[in-house]
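Close look at the chain arrangement
The chain contents come next:
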Amino acid sequence: MRVPFADLGLKGKPCEPEVIAAVTNLLEAGSFIGGPEVDGFEGEFARFCGAREAVGVSSGTDALVFALLATGICPGDEVVTTPLSFVATAEAISHVGATPVFVDVDP
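Residues numbered from 1 in each chain as written. Predicted model: local features only at pLDDT ≥ 70, side-chain atom pairs only at ≥ 80, totals over all residues. Heavy atoms only, no water.

Observations regarding the packing of helix H4 (residues 60–70) against helix H5 (residues 87–95)
Helix packing for two helices is described by the angle between their axes and how far apart those axes are. Test applied: Fitted lines through C-alpha atoms serve as axes, helices being fitted only where they are in contact, and the angles separating the N-to-C directions of these axes extend from 0 to 180 degrees. By definition, any uninterrupted DSSP run of H or I lasting at least four residues is a helix, any uninterrupted run of E lasting at least two residues is a strand, and each is numbered from the N terminus. Throughout, the term roughly parallel applies to angles under 35 degrees, roughly antiparallel to angles over 145, roughly perpendicular to angles from 65 to 115, and oblique to all others. Left-handed is the label given to a crossing in which the near helix is rotated counterclockwise from the far helix by less than a right angle, and right-handed is the label when the rotation is clockwise. The contact rule is simple, with two residues in contact once any of their heavy atoms fall within 4.5 Å.
Here H4 crosses H5 at 45 degrees, and the two axes come no closer than 9 Å. Of the possible angle classes, the one that applies to H4 and H5 is oblique. The interaxial crossing formed by H4 with H5 has right-handed handedness. The segment H4 lies against H5, with Thr 61, Leu 64, Val 65 and Leu 68 engaging Ala 88, Thr 89, Glu 91, Ala 92, Ile 93 and His 95.

Some details on the nonpolar core
Most often, soluble globular proteins have nonpolar side chains that are buried together. The following threshold applies: Buried Ala, Val, Leu, Ile, Met, Phe, Trp, Tyr and Cys residues form a nonpolar core when they are joined through side-chain atoms within 4.5 Å. Using a 1.4 Å probe on the protein chains alone, a residue whose accessible area is under 20% of its type maximum counts as buried, one over 50% counts as exposed, and one in between counts as partly exposed.
The biggest cluster of nonpolar side chains holds eight residues, and these are Val 65, Leu 68, Ile 73, Val 79, Ala 92, Ile 93, Val 96 and Ala 98. Looking at this core, the elements that each hand over two or more residues are H4 and H5. Once residues within four sequence positions are removed from consideration, Leu 68 is found in contact with Ile 73, Val 79, Ala 92, Ile 93 and Val 96.

Looking at the pairing of strand S2 (residues 99–102)
A regular strand carries its side chains on alternate faces of the sheet. In plain terms, the rule: Paired strands, in this sense, are two strands between which DSSP finds at least two bridges. Here the term right-handed applies to a crossover when the path leading from its first strand over the helix to its second strand runs clockwise, the strands being oriented away from the viewer.
Across four bridges, the pairing between strand S1 (residues 78–81) and S2 is parallel. Residue Glu 78 lies in a different strand from S2, and its bridge partner there is Thr 99. Following the chain from S1 across H5 to the adjacent parallel S2, one finds a crossover that is right-handed.

Observations concerning the environment of Thr 99
Along the chain, Thr 99 turns up in strand S2. Distance in space between the C-alpha atoms of Thr 99 and Glu 28 is 42 Å, their sequence separation being 71 residues. With residues up to four places along the chain from it excluded, the contact list for Thr 99 reads Asp 77, Glu 78, Val 79 and Ile 93.

Thoughts on the layout of surface pockets
Quick reminder of the rule: Site definitions follow a grid-based scheme: protein atoms alone, a 1 Å grid, a 1.4 Å probe that fits but cannot get out for cavities, and for pockets an open set with protein on both sides within 12 Å along at least five of seven lines, plus lining residues having an atom within 4 Å of a point. Grid points are joined across faces, edges and corners, and a volume is the space filled by probe spheres set on the points. Following the grouping adopted for this structure description, the nonpolar residues are Ala, Val, Leu, Ile, Met, Phe, Trp, Tyr, Cys and Pro, the charged ones are Asp, Glu, Lys and Arg, and the polar ones are all others, Gly among them.
Here the largest pocket defines a volume of roughly 200 Å³. Every residue lining the largest pocket is listed: Phe 32, Ile 33, Gly 34, Glu 37, Val 38, Phe 41, Gly 56, Val 57 and Ser 58. Classifying every residue of the lining of the largest pocket gives five nonpolar, three polar and one charged.

Some remarks on the confidence of the model for the protein chain
Inclusion rule: Confidence per residue, as judged by the predictor, is encoded in pLDDT with a range of 0 to 100.
Of all residues in the protein chain, 95% attain a pLDDT of 70 or more, and the chain-wide mean is 90. Per-residue pLDDT, averaged within each element of the protein chain, yields its smallest value for helix H1 (residues 8–12) (70) and its largest for S2 (97).

Shown next, in the form of structure tokens:
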């Protein structure tokens, strides 16, 4: 028997018309980089998280870079991370000028 890893299509069916309409409106407006839709998303997400503000970014790598900068990581700093991760983890550390230091739990 084959068990699917995740059936995202089935889970999204109840809200499919709403999502398709929203994406269509966004593409027609052409304001998916900045603009009122992004502002609205950031505001709603901040409220959902109980935060004053939120920033939408274009990728997980950008999110990691923003998080590193927000915590005060600077060029020359060392950031401890796992070697068992996607390359973007170390890439984001390098992007802010810091040095990734790979550690393992096995001595």
